[in-house]
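An overview of the molecular structure
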Amino acid sequence: MGTTIDSFGLNHDGIPVQRFTLDRGGVTVSLIEYAAAIQQLIVPDSEGRPADIVLGYETVEGYEKRPWPTGRDHRTTCQPDRKCRV
């Protein structure tokens, strides 16, 4: 159990993106700074085996190239006119 911080890579501007991983006895979540994305969520499956249930990408480039908000905070796609676009 614990918390770790590591490098997830560089964005297209060359700015480092960090990944924060929280492990709480059987449940592990990894979040990245880029778009407040949940990169990975590991929970026990019905037979107790660890299973990743988030469709996250392995690199920052994956998040930058995909137009849909996979694993991202959906509020980041809302406009000031309150019309959210997914």
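Higher on the page you've got the structure.
Residues numbered from 1 in each chain as written. Predicted model: local features only at pLDDT ≥ 70, side-chain atom pairs only at ≥ 80, totals over all residues. Heavy atoms only, no water.

**Remarks on the sheet that holds strand 3 (residues 28-32)**
Definition in use: Note on pairing: DSSP must find at least two bridges between two strands before they are called paired. We count a stretch as a helix when DSSP gives it H or I for four or more residues in a row; a strand needs E for two or more, and each element gets its number in order from the N terminus. Interaxial angles span 0 to 180 degrees and are taken between N-to-C directions of axes, which are lines fitted to C-alpha atoms, for helices over the stretch in contact.
Pairing is antiparallel in the open sheet, where five strands are placed in the order 1-2-3-4-5. Lying at the two open borders of the sheet, with one neighbouring strand each, are strand 1 (2-10) and strand 5 (50-52). If you compare each strand with its neighbour and ignore which way they point, the axes differ by 20° on average. The pairing of strand 3 with strand 4 (residues 37-44) spans five bridges and is classified as antiparallel. Within strand 4, the position partnered with Thr28 by the bridge is Ile42.

**Quick look at the environment of Glu58**
Quick reminder of the rule: Each residue is placed in one exposure class: buried if its accessible area under a 1.4 Å probe, protein chains only, is under 20% of its type's maximum, exposed if it is over 50%, and partly exposed if it falls in between. By definition in these notes, contact holds between two residues if any of their heavy atoms fall within 4.5 Å.
Position of Glu58 relative to the elements: it lies in the loop between strand 5 and helix 1 (60-65). Residue class for Glu58 comes out exposed when judged on its relative accessible area of 66%. The spacing of Glu58 and Phe8 is 50 residues in sequence and 8.5 Å in space, taken between C-alpha atoms. Beyond its immediate sequence surroundings of up to four residues, Glu58 is in contact with Phe8 and Gln39.

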